Amino acid sequence: MILLNERLKAVAQLVPKNAKVIDVGCDHAYLSIYLKQHHIATKVVASDNKEGPLREAQKNIKREKVDVETLLADGVSKIPDDIDTVVVSGMGGGNIIGMFKYTPEKLKNVKTLVLSPNNDLIRVRKEISKLGFYIEDETLVKYKNIIYVVMKWQRGKRRIRKKECIYGPILAKKKGPLFQEYLSSSIKQKELLLKVLPKKYWLRRIQIQHEIKMLKDILK
Ligand SMILES: C[S@@+](CC[C@H](N)C(=O)[O-])C[C@H]1O[C@@H](n2cnc3c(N)ncnc32)[C@H](O)[C@@H]1O
């Protein structure tokens, strides 16, 4: 049985029961294997855009004797028709947005996205909501002293307000045990960025100041 770290466990927890999953950027395929071994998913495709990680994935799948397919592909470019859930974790937000934004038709049969970007969360929330998905659930998980956000998106139109993109609509409602710490560390990161960002980037500086204010308001 594969053992997952706390971060990947939090991702697995947001995958719907009986889902047909593509794990984009599977790397070692630990998450893919876990989803099958724990009967969370009925079908899993472990996909990566590089041969090295995919070979490692195939080795682990063989060792664990699970029925997980592998696919060499960029993003969701070769997503099989019967897949209803896309999981992407441990990648930059810009990369995640890019793989959906320019080929939204690839998501036509997809009902759920489980995303855990390493950064750029505000932009991810804004851009994914434009594709006709809304955030149904969000969790925070602390792993190796870093707090990660995991988001579960469902197909459907619901308005997300600008400020909700900053702090996460469900995170703010749930106010779980890591929420205060998450807000404080986000504020600290943005304040550090402001210190080093040259004055000529005045527009970005104004945006960051606004984001800090929103985060401080919700922290009160
Ligand atoms: C840091 S690992 C994350 C692995 C795993 N998903 C996790 O959360 O631990 C990122 C993986 O994504 C793959 N990757 C990066 N960009 C990709 C893309 N556009 N399409 C598919 N795979 C990609 C990399 O090759 C790498 O194996």
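Described below are features of the structure shown in this document. (Residues numbered from 1 in each chain as written. Predicted model: local features only at pLDDT ≥ 70, side-chain atom pairs only at ≥ 80, totals over all residues. Heavy atoms only, no water.)

## Remarks on the site of the ligand
Reasoning step 1: Neighbouring the ligand are 18 residues; R7, D48, D74, G75 and S89 lie closest to it.
Reasoning step 2: Measuring from an oxygen atom of the ligand, one finds a side-chain N or O atom of K50 at 2.9 Å.
Reasoning step 3: Within the side chain of D74, one N or O atom sits 2.7 Å away from a nitrogen atom of the ligand.
Reasoning step 4: Contact with the protein chains removes 83% of the 600 Å² of surface that the ligand exposes when unbound.
Reasoning step 5: Secondary structure elements with two or more residues in the shell around the ligand: α1 (6-13), β4 (85-91) and α4 (93-101). (Near = heavy atom within 4 Å. Polar contact = N/O pair within 3.5 Å; in protein donor to acceptor, adjacent residues only side chain to side chain. Areas by Shrake-Rupley, 256 points an atom, 1.4 Å probe, with all protein chains shown as cover. Helix = DSSP H or I, 4+ residues; strand = E, 2+ residues; numbered from the N terminus.)

## Quick word on the environment of Q13
Reasoning step 1: Assignment of secondary structure puts Q13 in helix α1.
Reasoning step 2: Measuring from C-alpha to C-alpha, the distance between Q13 and T139 comes to 9.6 Å, with 126 residues separating the pair along the chain.

## Focus: unusual backbone geometry
Reasoning step 1: One non-glycine residue, K65, lies in positive phi territory at about 50°.
Reasoning step 2: Positive phi, close to 45°, is recorded for K175, a residue that is not glycine.
Reasoning step 3: Turning to its location among the elements, K175 is positioned in the loop between α7 (169-174) and α8 (179-196).

## Quick notes on α8
Reasoning step 1: An ideal rise of 1.5 Å per residue puts 26 Å on 18 residues; α8 measures up with 26 Å between its terminal C-alpha atoms.
Reasoning step 2: Along α8, the residues classified as buried are F179, Y182, L183, S186, I187, K190 and L194. The arc that holds every buried residue of α8, seen down its axis, measures 130°, which confines them to one face. In α8, the exposed positions angled more than 90 degrees off the buried face are occupied by K188, Q189, L192, K195 and V196.
Reasoning step 3: The secondary structure elements touched by the buried residues of α8 are α5 (121-130), β6 (133-143), β7 (146-155), α6 (162-167), α7 and α9 (202-219). (Expected span 1.5 Å × (residues − 1). Buried < 20%, exposed > 50% of the residue type's maximum accessible area, 1.4 Å probe, protein only. Arc of directions from axis to C-beta. Contact = heavy atoms within 4.5 Å.)

## Concerning α9
Reasoning step 1: Between its first and last C-alpha atoms α9 spans 26 Å; for 18 residues at 1.5 Å apiece the expected length is 26 Å, and the two agree.
Reasoning step 2: For α9, the set of buried residues is R205, I208, E211, I212, M214, L215 and I218.

## Details of the nonpolar core
Reasoning step 1: Judged by nonpolar contacts, the single largest core of 46 residues is most densely connected at V86, V88, F100, L113, L115 and Y182.
Reasoning step 2: Ignoring sequence-local partners within four residues, the contact set of Y182 consists of L121, R125, L140, I147, V149, Y167 and L171. (Core = buried A, V, L, I, M, F, W, Y, C linked by side-chain atoms within 4.5 Å.)

## Comments concerning the packing of α4 against α5
Angle between the axes and distance between the axes are the two parameters that describe a pair of packed helices.
Reasoning step 1: Two elements in contact, α4 and α5, have axes separated by 9 Å at closest approach and are oriented at 10°. In terms of their interaxial angle, α4 and α5 are classed as roughly parallel. On α5, the residues that touch G93, G94, I97, F100 and K101 of α4 are R123, V124, E127 and I128.
Reasoning step 2: In terms of residue class, the contact of α4 with α5 is made up of four nonpolar, two polar and three charged. (Axes fitted to C-alpha atoms, helices over the stretch in contact; angles between N-to-C directions. Parallel < 35°, antiparallel > 145°, perpendicular 65-115°, else oblique. Nonpolar A, V, L, I, M, F, W, Y, C, P; charged D, E, K, R; others polar.)

## Side note on the environment of K162
Reasoning step 1: Along the chain, K162 turns up in helix α6.
Reasoning step 2: Judged by relative accessible area, K162 falls into the exposed class, the value being 72%.
Reasoning step 3: Remark: the alpha-carbon pair of K162 and K36, spanning 126 residues in sequence, is separated by 37 Å.

## Brief notes about the sheet that holds strand β1 (residues 19-24)
Reasoning step 1: If you trace the seven strands from one edge of the open sheet to the other, you get β3-β2-β1-β4-β5-β7-β6, paired in mixed fashion. For this open sheet the edge positions go to β3 (69-72) and β6, each flanked by a neighbour on one side alone. Taking the axes of each pair of neighbouring strands and ignoring which way they run, one obtains an average angle of 20° across the sheet.
Reasoning step 2: Sheet contacts for helix α3 (residues 51-64): β2 (41-48) and β3; angle to β3, the most-contacted strand, approximately 175°. (Pairing = 2+ DSSP bridges.)

Honestly, it's all geometry; don't read function into it.
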